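Summary of the model geometry
As a plain string of letters, each chain reads:
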Amino acid sequence: MRLLPFLRKYMPSSYSTKALKRKIEGKLCRINGRVETFSTFELSSGQVIELEEKELSREALFLLYQDEDLSIYNKPAGVVSSCSFFKARFLVHRLDKETSGALIVTQKQAVLDKMILLFEEKKVEKTYLALVDKRVKKEEGRIESFLAPKQKYNGQTIYASSSRGKKAITEWVCLVKGVNASLIECHPLTGRTHQLRVHLKEMGHPILGDTQYSKHFTCPFYARRHLLHAYRLSFPHPTKNSLNIEIKAPLPADFREALEFCQMAHFVELFDKEK
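Residues numbered from 1 in each chain as written. Predicted model: local features only at pLDDT ≥ 70, side-chain atom pairs only at ≥ 80, totals over all residues. Heavy atoms only, no water.

**What about the overall build of the protein?**
Along the protein, the regular secondary structure elements total seven helices and 14 strands. For a compact globule of 275 residues, the expected C-alpha radius of gyration is about 19 Å, and the protein comes in at 20 Å, within 12% of that figure. A principal-axis box enclosing the C-alpha atoms of the protein has dimensions of 65 × 45 × 40 Å. Counting the 275 residues in the protein, one finds 51% classified as buried. Expressed as a percentage of contacts within the protein between residues at least 6 apart in sequence, the contacts between residues at least 24 apart total 59%. When the accessible surface of the protein is summed, it comes to about 14,100 Å², and 50% of that surface belongs to carbon and sulfur atoms. Taken together, the 45 basic and 32 acidic charged side chains of the protein have centroids lying 5 Å from each other. (Helix = DSSP H or I, 4+ residues; strand = E, 2+ residues; numbered from the N terminus. Rg over C-alpha atoms; globule rule 2.2 N^0.38 Å. Buried < 20%, exposed > 50% of the residue type's maximum accessible area, 1.4 Å probe, protein only. Contact = heavy atoms within 4.5 Å. Areas by Shrake-Rupley, 256 points an atom, 1.4 Å probe, with all protein chains shown as cover. Lys, Arg positive; Asp, Glu negative; His and termini not counted. Charge placed at Lys NZ, Arg CZ, Asp CG, Glu CD.)

Okay, here's the thing in C-alpha cells:
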C-alpha cells in the first residue's frame, strides 16, 4: 500500500485527504525516522510511520527598511517569493520558499534596473546563516565549482557540480559548533540556484531539514524546513549616491529553537546583543 491511502485507511476521522497530503509534503511524516515527502511512497511490512501534529508556524511578515525606491522585508519561511504576496511590481531577487530572511522589492522599473546592475557588479554583499549537520572540521573555507541541473525531485530541479555548469563561489566561516551541528556564515560571491544548499551538501554538511539534498542527518533535531536564513544585506543605494544600506534580518523562532536544541543558545544571546 502507498503512504497516502494507508494514512487515509488508518486515520479516517483525524484528517481530510488534502490535510494528510499537506502534512506529507510539509515534512511532517517520517518512515523509520526518515522524512518522506512523497504521498505515493510504497510501504513495506514492519515500517514505523510517524505523523507530526504541529505544522510549521508562519511568522508575521514585517518591514526591515523602506523608502520611496525600495522595500526590504524579513520573508518568513514557507512563503513563495512573489510580487503578489509582497504587493510589489518587481522582486529585486528571490529566496527559496523555505529560506527566511531579507528580501528586496521595488515598485519602479528604473530602480530594478539599477539594482540588477549592482548585483552584476558584485556590489551587493549577502550573508546567510546555515545550521548544518555535524561538526565541521575546518573553521573557514572557500568552495568553487560549476553547478548544473542534475534531476527532478518533488517538483523541483536538483543541482550538482558538473563540468557543464555555471561557476559558483561560496566563502564560509564557522561561527559556533554544537551537538552534531554547526552554525555556518556563508558569503555567496555568485548567485546560482540552490548554490549554498549544494555547496554545503557536497562539503559533507547538508543544511538541517534540507531533505531534497540529504535523506539522512546525524543531528537528531527534527527541522521542518531547511534552516537557511538570509541574515544580512549591504549595498549602495541605487539612487542616493551617498547612502549605503545595511540591513539585518532577525532570526526566526524555529532557527532559534534549533540552536538551543543543539546547545548553541549562547550564540542567540550574542546575536540579540549585536542587534
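**Overview of the pattern of salt bridges**
On inspection of all chains with the given rule, the structure shows 13 salt bridges. Among the ionic pairs, glutamate 121 bridges to lysine 123, the shortest N-O distance being 3.3 Å. Residue class for lysine 123 comes out partly exposed when judged on its relative accessible area of 43%. Between glutamate 171 and arginine 142 there is a salt bridge; the shortest N-O distance is 2.7 Å. Within this pair, whereas glutamate 171 is found in strand 11 (residues 166-177), its partner arginine 142 is found in strand 9 (residues 140-153), the two being separated by 29 residues in sequence. Classification of glutamate 171 as partly exposed rests on a relative accessible area of 30%. Residue class for arginine 142 comes out partly exposed when judged on its relative accessible area of 44%. A single salt-bridge network, built from bridges that share partners, covers Arg142, Glu144, Lys167 and Glu171. (Salt bridge = Lys/Arg side-chain N within 4 Å of Asp/Glu carboxyl O.)

**Remarks on the side chain of arginine 256**
Mapping arginine 256 onto the fold places it in helix 6 (residues 253-261). For arginine 256, a relative accessible area of 18% corresponds to the buried category. A polar contact is formed between the side chain of arginine 256 and the backbone oxygen of leucine 251, at a distance of 3.2 Å. (Polar contact = N/O pair within 3.5 Å; in protein donor to acceptor, adjacent residues only side chain to side chain.)

**Description of the pairing of strand 11**
In this structure, strand 9 lies alongside strand 11, joined through eight bridges in antiparallel fashion. Following the sheet pairing, isoleucine 143 is matched in strand 11 by threonine 170. Between strand 11 and strand 12 (residues 181-188), which pair antiparallel in sequence order, lie three residues; one of them, asparagine 180, sits at a positive phi of approximately 55 degrees. (Pairing = 2+ DSSP bridges.)

**A word on the sheet that holds strand 3 (residues 49-51)**
If you walk across this open sheet you meet the three strands as 2-1-3, and the pairing is antiparallel. Strands with a single pairing partner mark the edges of an open sheet, and in this sheet they are strand 2 (34-35) and strand 3. This element, helix 1 (residues 3-10), spans strand 1 (29-31) and strand 3 of the sheet and lies at about 70 degrees to strand 3. (Axes fitted to C-alpha atoms, helices over the stretch in contact; angles between N-to-C directions.)

**Topic: the side chain of arginine 232**
Within the secondary structure layout, arginine 232 lies in strand 13 (residues 228-236). Of note is the side chain of arginine 232, whose polar atom sits 3.1 Å from the side chain of glutamate 246. In this view, arginine 232 contacts Glu125, Lys126, Thr127, Glu246, Ile247 and Lys248; residues no more than four positions away in its chain are not counted.

**Considering the packing of aromatic side chains**
Taken as a whole and judged by the stated rule, the model has three aromatic pairs. Ring plane angle 50 degrees and centroid distance 5.4 Å describe the contact between tyrosine 73 and phenylalanine 86, whose orientation is recorded as tilted. Here the residue tyrosine 73 occupies a position in strand 5 (residues 71-75), and phenylalanine 86 occupies one in helix 3 (residues 83-86), the gap between them amounting to 13 residues. For the pair formed by tyrosine 73 and phenylalanine 86, the shared burial category is buried. Here phenylalanine 85 and phenylalanine 86 contribute two aromatic rings whose centre-to-centre distance is 5.1 Å and whose plane-to-plane angle is 75 degrees, an arrangement assigned as edge-to-face. We classify phenylalanine 85 as partly exposed; its relative accessible area is 31%. What links up through ring pairs into an aromatic cluster is the set Tyr73, Phe85 and Phe86. (Phe/Tyr/Trp six-rings, centres within 6.5 Å; stacked < 30°, edge-to-face > 60°.)

In short, the description is geometric, and any link to function would need to be established separately.
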